Amino acid sequence: MSQRFDSTASPTALVSGLLLDSRREYNIVVLGAGGVGKSCLTAQFVQNVWIESYDPTIEDSYRKQIEVDGRQCILEILDTAGTEQFTAMRELYMKSGQGFLLVFSITSLSSLNELYELRDQIVRIKNDERVPIVIVGNKADMEEDRAVSRARAFAVSQAWGNAPYYETSARRRANVDEVFVDLCKQIMRKDSATAQVREMESGHRRRERPNRHARRRRQRVERQRCTIL
Amino acid sequence: MMLQPASRISRASTSSTSSFVPVSRQNTMTSNDSRSRHSKRISVTALYLSMSANQKDLEIEDDLARAQKTLRDLKTKISSQSKKNFVLEKDVRYLDSRIALLIQNRMALEEQNEVASHLEDATNLQEGFFPNDDKTQKYGNLLFLLQSEPRHIAHLCRLVTMAEIDSLLQTVMFTIYGNQYENREENLLLTMFQSVLTYQFDNTPEYSSLLRANTPVSRMMTTYTRRGPGQTYLKEVLCAQINSLIEQQDVDLEINPLKVYERMVAKIEEDTGSVPDHLPKGVTAEEAAENPQVQKIIAPRLEKLTAWAESFLETIINGLDQTPYGIRWICKQIRSLSKRKYPDAEDQTICTLIGGFFFLRFINPAIVTPRSYMLIDEVPSEHPRRTLTLIAKMLQNLANKPTYSKEPYMAKLQPFIHKNKERVNKFMLELCDVQDFYETLEMDNYVALSKKDLELSITLNEVYATHAMLEKHNAELAKDKHSHLSVLLQELGPAPAQLPRKENRAINLPLFSKWETAIDDLTAALDITNAEVYFMEAKSTFVQIMRSLPQNSAALKSPLRLDKVADAAATLKNDAVMVRKGIRSMELLSQLQELGVIDKSDQFALLLDEVKQELAHLGSMKENVLEETKKLEDVYRTIRDHNDYLVGQLETYKSYLHNVRSQSEGKQRKQQRQQALGPYKFTHQQLEKEGVIQRSNVPDNRKANIYFNFTSPLPGTFVISLHYKGRHRGLLELDLKLDDLLEMQKDNQDDLDLEYVQFNVPKVLALLNKRFARKKGWTGAPNGGVEKDSTTSPPDLSQEKQKMLLAADTGHFSMIKALHLADLITELNGFCGFMSILSSMRYCLGKPDHYGNIWTALVFMPFGLFFDFMDGKVARWRHKSSLMGQELDSLADLISFGVAPAVCSFALGLRTPVDTLLLTFFVLCGLTRLARFNVTVAALPKDSTGKSKYFEGTPIPTTLGIASVMAYWVSQGWILDDLPWGTWGEGTLLEVHPVVGLFVLSGCAMVSKTIHIPKP
Ligand SMILES: Nc1nc2c(ncn2[C@@H]2O[C@H](COP(=O)(O)OP(=O)(O)OP(=O)(O)O)[C@@H](O)[C@H]2O)c(=O)[nH]1
Ligand SMILES: [Mg+2]
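Residues numbered from 1 in each chain as written. Chains lettered and ligands numbered in written order. Predicted model: local features only at pLDDT ≥ 70, side-chain atom pairs only at ≥ 80, totals over all residues. Heavy atoms only, no water.

### Let's talk about the overall build of chain B
Note the following rule: Strands here mean DSSP runs of E at least two residues long; helices mean DSSP runs of H or I at least four residues long; both are numbered from the N terminus. The buried label goes to any residue with under 20% of its type's maximum accessible area, the exposed label to any with over 50%, and the partly exposed label to all in between, with areas taken from a 1.4 Å probe on protein chains only. In this analysis, two residues are considered to be in contact whenever any of their non-hydrogen atoms come within 4.5 Å of each other.
Counting its secondary structure elements, chain B contains 40 helices and 12 strands. Expressed as a percentage of the 1016 residues in chain B, the buried residues total 54%. Considering only contacts in chain B between residues 6 or more positions apart, those separated by 24 or more positions represent 76%.

Next comes the structure, spelled out in structure tokens:
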């Protein structure tokens, strides 16, 4: 995905955010246990509606254009199934996603615990400890049923490289836009950082980490022709 | 045993376990006729028969009995196989997640060891016993209690964490209640479900969040659907549909306007090279939906999708009777629990909840990811996958009130919802329409008690893990210190630790209750009259006799008369058992008559009718048994195929892991020689048929002449070459590493390009597995040797070297390729070296003032250097440094830069004994240098192209410096007696030319450990 930004990553393009093709597209994936309010959150953000009814998701996708730091971004949002029987689908989402909203419900501790496995899987698939992630504690309006303390959520956030933590309420539309904007900013930051690194690398031929053969290996499965006949 | 309790399938339609007791029996009851009494009687029959089954001589050998036995065996096999698969799947899943790390070289050694221990003996468990009888007895008591009183496990399920629940459920579903086709175990398991479900309903405040979160119940449902009956059902109902759908690989039924728009624009761009102005990129969903072209594309797709969804729905609804009893019973519980909790709930609300189980957790996961449910062999390609997802979404929308405010485009499918909503709701309510089993369960439990040989096949680790969990939650589970559970746990003491996988054993644990003894006196235990017992015995005896009598026996002709039948049996020749039965039946007839139950005057009509009905029932039962057997055989085959697949997958991982580990542990391992495996030859047709070749550009008329050779020069490394008949050399050659293939598979990258043909990655893996894994060698010692190596250097050194080279990231290795361009160039280096030596010798033979030969000798050396550089360049440029190349290089260098200069200097006059000794020293230094280089090269830091960063000690080609000095001497004529610095100790034995010091110095520099020379 990120390659497509190479052309626009030059300083001039960064300044002139008005250029049409500088509109970026980011893939965001919303993950979390069943019934924590992923769909409600997404629907509030995209369509400004509140959904009360019971409607478990299998896989929904949305697109929304927003302005972040004066730049237009198009967010491709994938709302996924929290139902555990659909775990086999996860890997595909994670490959395509650039940023992840990890949603739990503050009224259920086990919904927070389920995020660990998700985060592990993301890091593994992306092969990157610093994937853009936002941790979301939803249903903040149900303070009286709170089962996850703020301190606990912050501890998780710290353990995951200070991934930002927000408490939201899809019902009251509290903090909804903020989580998406934060995630979007993270992706953008990462994007320009990698672009810079790439520029530096082309000068220094410096390797990011000594032990990563992964990229090189991939190229190794290539045709080898017998030249001497 | 003669009569089985009704099988699971017929369960829903028959009214009780004892299938042969007709409903019209009330009039035979001697005392009260109430319903409870009736049901008790029915079950007593089962109990009676179960007990008499212990008597061997009552066994009947007719078609029905044989068919039943086959079916029973099959069910046992399915039960145990599905457990095996469940465990294997867990292992494969675990390794799936780990293998990526391994491939990316990011796994620490300890973790590698952990992964390896996961693989050890994963498949074959050995039989074993408990350390002592006391333990056997106590655990037998404990597990009997757990099995027969499901509330303990239900309670435990609520207490354990989500992390612990998987192993608990595995033990529960596949071991404690592992006989998936046995009524008692199934019913006990369902009772446990009920208990957990009830808790869930009681503790969920709002109905909207009911059954939505991932909880012990949902996890139980997942595991439950993995048992035999659920798998059978999914396969029967969904398999054909899904397969016909995924066959249409290129049919795109996307209806999301955004996606449709994007693909349309991309297509136009591809076709015309530019995008028209009226089709901008990055439009909004509304803009895309309004585009008339997009609408035109979507309209027919909506129709097709609806047709597909309807055909899925149709088979699901028609499959009502095939739906497993347990699944339906769970639906029923959901209905009754929600009615109890929300008395005013409408059907729609209840259907939403049922749909949240039946569609969301059972049907739709199988539709969306059919491969993980064994419905298809491979992951479907992109378009069918999306179509399946859309179909699942449509079905889910039917079950719930859809909210179109989510994805607006789904609203276009409203007609489908309207049309089928009613139907689906009706279907879901019908799903709930099944019998309860409580009464029969009570009886089944008696039956279990009456059986003296209740056994459980379980592993030691399962027992210990269950014990440990009980112990952990003891405080909650066994609050009452005198409860049976509490007493048993106290007796058992602390739970033993888990055994290493290797020491784990499967045991047959006899189950029995510490508190209840087996029932001997039936009548007393069950509170029934003698008359009833006699009646049942009479009936079963007559049925047995009639099934055993020869078909042409006169007694079987109608009109049927029981006394004649009894008589026929009693007088049968050569069959003591039948005679006994005949006599017994006569006795029973007269006893029953005395008791006034039956009457001789109406030909014992009451008993006769029941016997006839039973026989009729048995007749149709045989059909059913055969039919069920056929279905289950199908299931068994699928399960076994899946098992093969899983085992294969494990095998692949195992060998891969083995390679990685043996490389990193290389030093400590004892080595064995090992030959390259193969080549195995396959024709084009063969591979095409097996699906290994998924596309081929080879013209049909040529296919017959194309064949492929598969070779494994080293474990984990494969060479596939494409050959044309009649030609000696291959046309193409492909080097493959197992990890590359695995990575491709992980990335769902299916294509392996071989120019003329495209291979399918999973199929290639399967093929390699089959071909090479069976040979002990692939998983055995990692040291794949090439014969040449061992003959040119001492064996130990060579092996060590090889190990190191393998450990280092040396890239591809292949024997054939080893002799390609780069190595040919190296040979030229050796050629120059030897020519130089010959020239020096020729100079010695000729006149000392004929410098021609000596010049030739000196000129060959830089040529050698030139080739030496060239081969490295070529090798790196072509991205392969081969093992052969390394060896050749060193050997050639020794000739060209070690021996040749020394010989040349000898020719120039360093000919005294001390001179020659020192020259020998020099050559030996070179020899050592080269040997050490090969051994340590792997350990030196390398840059990204695989080149070592520096030399340790001066590289041997530096001796060319000496050669140039010598050339200068020759040009000046300073040779033989005119060597610079003259001669020391002339005339003595120690006569020496000081210039030989140059060689000594150079030799020392070469073997020095501290001199690091950066590479150019
Ligand atoms: N009080 C309150 N309820 C919420 C909130 N967000 C969601 N809900 C309720 O939680 C239930 C589930 O919400 P969904 O958005 O469908 O949950 P989900 O995470 O998408 O669930 P799956 O699609 O099954 O994974 C709905 O009935 C909502 O009414 C919130 O912020 N506050
Ligand atoms: Mg949802």
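### Section: the overall build of chain A
Under the convention used in this document: Here the Shrake-Rupley method, with its probe set to 1.4 Å, supplies the accessible areas, and only the displayed protein chains count as covering residues.
The number of helices and strands found in chain A is 7 helices and 6 strands. Each helix (α) and strand (β) of chain A, taken in turn from the N terminus, gives the series α-β-α-β-β-α-β-α-β-α-β-α-α. In the structure as shown, chain A presents an accessible area of about 10800 Å², 49% of it carried by carbon and sulfur atoms.

### Here we look at the sheet that holds strand β5 (residues 133–138) of chain A
Residue and element names in this part refer to chain A. So the rule is basically this: When DSSP finds two or more bridges between a pair of strands, those strands are recorded as paired. For helices, the fitted line uses only the C-alpha atoms of the stretch in contact; every axis is such a line through C-alpha atoms, and the angle between N-to-C directions lies from 0 to 180 degrees.
Taken in spatial order, the 6 strands line up as β2-β3-β1-β4-β5-β6 in an open sheet, and their pairing is mixed. A single partner strand is all that each edge strand has here, and the edge strands are β2 (59–68) and β6 (165–167). For this sheet, the mean inter-axis angle between neighbouring strands, taken without regard to orientation, is 25°. In the sheet, strand β4 (residues 99–105) pairs with β5 via 6 bridges, with the strands oriented parallel. Within β5, the residue paired with F100 across the bridge is I133. Contacting β4, β5 and β6, helix α5 (residues 150–159) crosses the sheet at an angle of about 150° to β6.

### Remarks on the confidence of the model for chain A
Interpretation of the predicted coordinates at a detailed level should be avoided for regions scoring low in pLDDT. Residue and element names in this part refer to chain A. Operational definition: Values of pLDDT, the confidence the predictor places in each residue, fall between 0 and 100.
Chain-level pLDDT for chain A is 79 on average; 76% of the residues reach the 70-or-more range. Overall, residues 1–21 carries pLDDT values under 50, and its contacts beyond four positions in sequence, including any with other chains, amount to 21 contacts. Contacts for the low-pLDDT stretch residues 205–229, under 50 throughout, to residues beyond four places or in other chains number 52 contacts.

### Regarding the sheet that holds strand β6 (residues 706–714) of chain B
Across a sheet, strands are paired by hydrogen bonds formed along the backbone, either parallel or antiparallel in direction. Residues and elements named next belong to chain B. On the basis of which strands lie adjacent, the open sheet formed by 4 strands has the order β4-β6-β7-β8 and antiparallel pairing. Of all the strands in the sheet, the pair left with one neighbour each is β4 (677–683) and β8 (732–737). This sheet shows a mean twist of 20° between the axes of neighbouring strands, independent of strand direction. One ladder, built from 7 bridges, connects β6 with strand β7 (residues 717–724); its direction is antiparallel. Residue pairing for β7: F708 is matched across the bridge by L722.

### Overview of the coordination of the magnesium ion (ligand 2)
All names here are of chain A. Put simply, the test is: A 2.8 Å cut-off from the metal defines N, O and S donors, relaxed to 3.2 Å for Na, K and Ca; water is not in the atom list, so some sites may appear incomplete.
S39 (OG) and T57 (OG1) make up the full set of protein donors to the magnesium ion (ligand 2), lying at 1.9 Å. Of this pair, S39 sits in helix α2 (residues 38–47) while T57 sits in the loop between α2 and β2; the two residues are 18 residues apart in sequence, bridging distant segments of the chain. A residue is classified by how much of its surface remains accessible, and T57, at 8% relative accessible area, is buried.

### Quick look at the pattern of salt bridges
Using the following cut-off: In what follows, salt bridge is the name for a side-chain nitrogen of Lys or Arg lying within 4 Å of a carboxyl oxygen of Asp or Glu.
The tally for this structure, following the rule as stated, stands at 37 salt bridges over all chains. Across the pair K267 of chain B and D271 of chain B runs a salt bridge whose closest N-O atoms are separated by 3.0 Å. Here D271 of chain B and K267 of chain B lie together in helix α11 (residues 257–272), a separation of 4 residues that amounts to about one turn. When salt bridges that share partners are traced, they join E143, R146, R150 and E167 of chain A into one network.

### Focus on helix α23 (residues 530–548) of chain B
Applicable threshold: An expected span of 1.5 Å times one less than the residue number is assigned to each helix.
Taking 1.5 Å of rise per residue, the 19 residues of α23 of chain B would be expected to cover 27 Å, and the 27 Å separating its terminal C-alpha atoms lies within 8% of that figure. Extensive coverage of α23 of chain B is indicated by the burial of 16 of its 19 residues.

### A few points about the site of ligand 1
Inclusion rule: Nearness is defined per residue: one heavy atom within 4 Å of the molecule or strand is enough. Whenever two N or O atoms come within 3.5 Å, that pair is a polar contact, provided that in protein one can donate a hydrogen and the other can accept it, and provided that, for residues adjacent in sequence, both atoms are side-chain atoms.
Near ligand 1 lie 25 residues; those nearest to it are K38, S39, T57, G82 and D141 of chain A. Mapping the residues adjacent to ligand 1 onto the chains of the assembly identifies chains A and B. For ligand 1, an oxygen atom lies 3.0 Å from a polar atom in the backbone of G37 of chain A. About the coverage of ligand 1: the protein hides 97% of its 640 Å² of free accessible area. At 3 residues, α2 of chain A tops the list of elements feeding residues into the shell around ligand 1.

### Quick word on the side chain of S79 of chain B
Tracing the backbone through its elements, the reader meets S79 of chain B in helix α3 (residues 63–103). In this structure, S79 of chain B is in contact with G178, N179, Q180 and Y181 of chain B, ignoring residues within four places of it in sequence.

### Description of the pairing of strand β3 (residues 71–80) of chain A
All names here are of chain A. Burial within β3 is extensive, with 9 of its 10 residues counted as buried. Direction of pairing for strand β1 (residues 24–32) relative to β3: parallel, over a ladder of 7 bridges. Paired with V30 across the two strands is D79, which belongs to β3. Across 10 bridges, the pairing between β2 and β3 is antiparallel. The partner of E67 across the bridge, within β3, is Q72. Once β2 ends, the chain turns through 2 residues before running back antiparallel as β3, passing D69 with a positive phi of about 50°.

### Here's the deal with the environment of Y116 of chain A
All names here are of chain A. Mapped onto the elements of the fold, Y116 is located in helix α4 (residues 109–126). Judged by its relative accessible area of 36%, Y116 falls in the partly exposed class. C-alpha separation for the pair Y116 and V156, spaced 40 residues apart in sequence, amounts to 8.9 Å.

### Thoughts on the packing of aromatic side chains
What counts here: Paired rings are identified among Phe, Tyr and Trp, the last through its six-membered ring, by centres lying within 6.5 Å, and are further divided according to the angle between planes into stacked (under 30 degrees), edge-to-face (over 60) and tilted (the rest). By definition, being over a ring means that NZ of Lys or CZ of Arg is both within 6 Å of the ring centre and within 35 degrees of the ring normal.
The tally for this structure, following the rule as stated, stands at 18 aromatic pairs over all chains. Between F154 of chain A and Y165 of chain A, the ring centres sit 5.5 Å apart and the planes meet at 85°, which makes this aromatic pair edge-to-face. Of this pair, F154 of chain A sits in helix α5 while Y165 of chain A sits in strand β6, and the two are 11 residues apart along the sequence. For F154 of chain A, a relative accessible area of 43% gives the class partly exposed. With relative accessibility at 12%, the residue Y165 of chain A sits in the buried group. Both rings, one in F358 of chain B and one in F427 of chain B, keep their centres 5.8 Å apart while their planes meet at 65°; by these two values the pair is edge-to-face. Remark: F427 of chain B occurs in helix α17 (residues 414–431) and F358 of chain B occurs in helix α15 (residues 347–368); sequence separation between them is 69 residues. According to the relative accessible area criterion, F427 of chain B is buried, its value standing at 2%. Over the ring of Y199 of chain B we find R158 of chain B, and its NZ or CZ is 3.9 Å from the ring centre. The ring of F906 of chain B is capped by R911 of chain B, whose NZ or CZ atom sits 5.8 Å from the centre of that ring.

### Focus on unusual backbone geometry
Residue and element names in this part refer to chain A. Residue N48 is not a glycine yet carries a positive backbone phi of 60°. Counting through the fold element by element, N48 comes out in the loop between α2 and β2. Accessibility expressed as a relative area gives 49% for N48, which makes it partly exposed.

### Quick word on the pairing of strand β9 (residues 751–754) of chain B
All names here are of chain B. Side-chain alternation along β9 places L752 and L754 on a buried face and D751 and D753 on a face that remains uncovered. Where β9 lies against strand β10 (residues 757–760), 4 bridges are found, and the strand directions are antiparallel. Within β10, the position partnered with L752 by the bridge is F759. If you look at the hairpin formed by β9 and β10, you'll find 2 residues sitting between the two strands, and E755 has a positive phi there, around 65°.

### Describing the environment of L511 of chain B
Residues and elements named next belong to chain B. Its location among the elements puts L511 in the loop between β3 (505–510) and α22 (522–526). You can call L511 buried: its relative accessible area is 5%. Expressed as a C-alpha distance, the spacing of L511 and K138, which sit 373 residues apart in the sequence, is 9.4 Å. Filtering out sequence-adjacent residues up to four positions away, L511 remains in contact with G140, L143, F144, Q147, L454, E455 and L456.

### Some points on a nonpolar patch on the surface
Rules: Think of a patch as exposed residues, more than 30% relative accessible area, with no salt bridge, where like charges cluster within 9 Å and nonpolar side chains (Val, Leu, Ile, Met, Phe, Trp, Tyr) cluster within 5 Å.
Taken together, the side chains of V859, F863, F866 and M870 of chain B make up a nonpolar region of the molecular surface, amounting to roughly 360 Å² of accessible area. Looking at the element boundaries, F866 of chain B is found in helix α36 (residues 852–877).

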